[in-house]
Each structure stands twice: as structure tokens, then as C-alpha cells.
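Each chain, written out:
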Amino acid sequence: MILVSCHSSLRSQVSHESVRRWKRVWEEGGTDALRRRPATGRPPKLDDAQVNQVRTALEQGVQAHGFEADLWTLERVGLVVERVTGVSLSRASVWRLLTSRLGWSLQRPERRAVERDDSEIARWIAHEWPRIKKGR
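What counts, and where the lines are drawn
- Residues numbered from 1 in each chain as written.
- Predicted model: local features only at pLDDT ≥ 70, side-chain atom pairs only at ≥ 80, totals over all residues.
- Heavy atoms only, no water.
- Helix = DSSP H or I, 4+ residues; strand = E, 2+ residues; numbered from the N terminus.
- Patch = residues over 30% accessible without salt bridge, like charges linked within 9 Å, V, L, I, M, F, W, Y side chains within 5 Å.
- Areas by Shrake-Rupley, 256 points an atom, 1.4 Å probe, with all protein chains shown as cover.
- Salt bridge = Lys/Arg side-chain N within 4 Å of Asp/Glu carboxyl O.
- Buried < 20%, exposed > 50% of the residue type's maximum accessible area, 1.4 Å probe, protein only.
- Core = buried A, V, L, I, M, F, W, Y, C linked by side-chain atoms within 4.5 Å.
- Contact = heavy atoms within 4.5 Å.
- Expected span 1.5 Å × (residues − 1).

A.B. asks: I'd like a description of the environment of Glu 17, backed by residues and values.
C.D. replies: Inspection of the secondary structure assignment puts Glu 17 in helix α2 (residues 16-29). C-alpha of Glu 17 to C-alpha of Thr 56: the two residues are 39 residues apart in sequence and 49 Å apart in space.

Next up, the structure:
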């Protein structure tokens, strides 16, 4: 049995139309008709076993899959997914796979010159910059 309270806080959160619809569904199908239904829509292209295969492959690293730079991109992940599972995914699907199903997040590499010498920069700031600034 469903009890619908007319408490003022409940009224502000649930519309009368929703209550009427729930009552009609309950009268036609009982309590089971009110239970949450599984999400509709197209099922994912990769099942859980395939997602685990992809996770294992990605954890091996970029260079293990023949790429030179140690950086995952959507295109590279898509190629690995296709090699491992035989399933071709769009960039958007690769993004959803990485973020929703694998729990990965976007990481951007720091842009630093290979030739950068932090000790030389510190020396320049300590010695050269004050000399230059004095000359003004």
C-alpha cells in the first residue's frame, strides 16, 4: 500500500501530476510496477571483460603498444581498444570509456623545454637580474 502524505514539505517537492501517475501505475501493476527500471538505450559496445582487457593493455604503457612518446591520446587509446577487442570506438566513446568505465581523468603534461636548467635559472635571477634592473 502506498501512503501519500499531504505534509507541506512533501507537496513542494512532488507535483500532483506525479502522485496521480504513480497511483495509476500502482493500481494497474502493483508495487512491482513502481520499481526502478534498468536504463534504456543502446547497450555499451564493450562488455565488462573487454573493459578489463583494455585496462590491462593501457596499464602496460604507451610504449608497450609501439608509440614513441609516452602520452595517451584518444586516438591511441582507440587503436589499442580496436587491437585488443576488435571493436572500433568513436573519440566520444573512447572518452566515456576512459572517464566513466575506467575512472581515468584528463592529465595534461607540463610544457617544459628539454634543455631547461633550473639551477642556471636560479643563478640568473639571483645575480644577473638585479644587475640588469639596476641599469635602468
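A.B. asks: Could you give an account of a nonpolar patch on the surface, with specific residues and numbers?
C.D. replies: Together, Ile 121, Trp 124, Ile 125, Trp 129 and Ile 132 line one region of the surface with nonpolar side chains, adding up to about 440 Å² of accessible area. Take Ile 121: it is sitting in helix α7 (residues 118-134). Classification of Ile 121 as partly exposed rests on a relative accessible area of 35%.

A.B. asks: How would you summarise the nonpolar core if you had to cite specific residues and measurements?
C.D. replies: Residues Leu 46 and Leu 97 are the most contacted members of the largest nonpolar core, which totals 17 residues. Those elements that provide at least two residues to this core are α4 (48-59), α5 (74-85) and α6 (91-101). Excluding its chain neighbours within four sequence positions, the residues that come into contact with Leu 97 are Leu 46, Val 51, Val 54, Val 81, Leu 89 and Leu 102.

A.B. asks: Hey, could you go over α5 for me, with residue numbers and the actual values?
C.D. replies: The terminal C-alpha atoms of α5, which comprises 12 residues, lie 16 Å apart, in line with the 16 Å expected from a rise of 1.5 Å per residue. Every buried residue belonging to α5 is among Leu 74, Arg 76, Val 77, Gly 78, Val 80, Val 81 and Thr 85, and all of these are buried. Where the residues of α5 are buried, they touch α4 and α6. Of the residues flanking the end of α5, it is Gly 86, one or two places downstream, whose phi is positive at about 80°.

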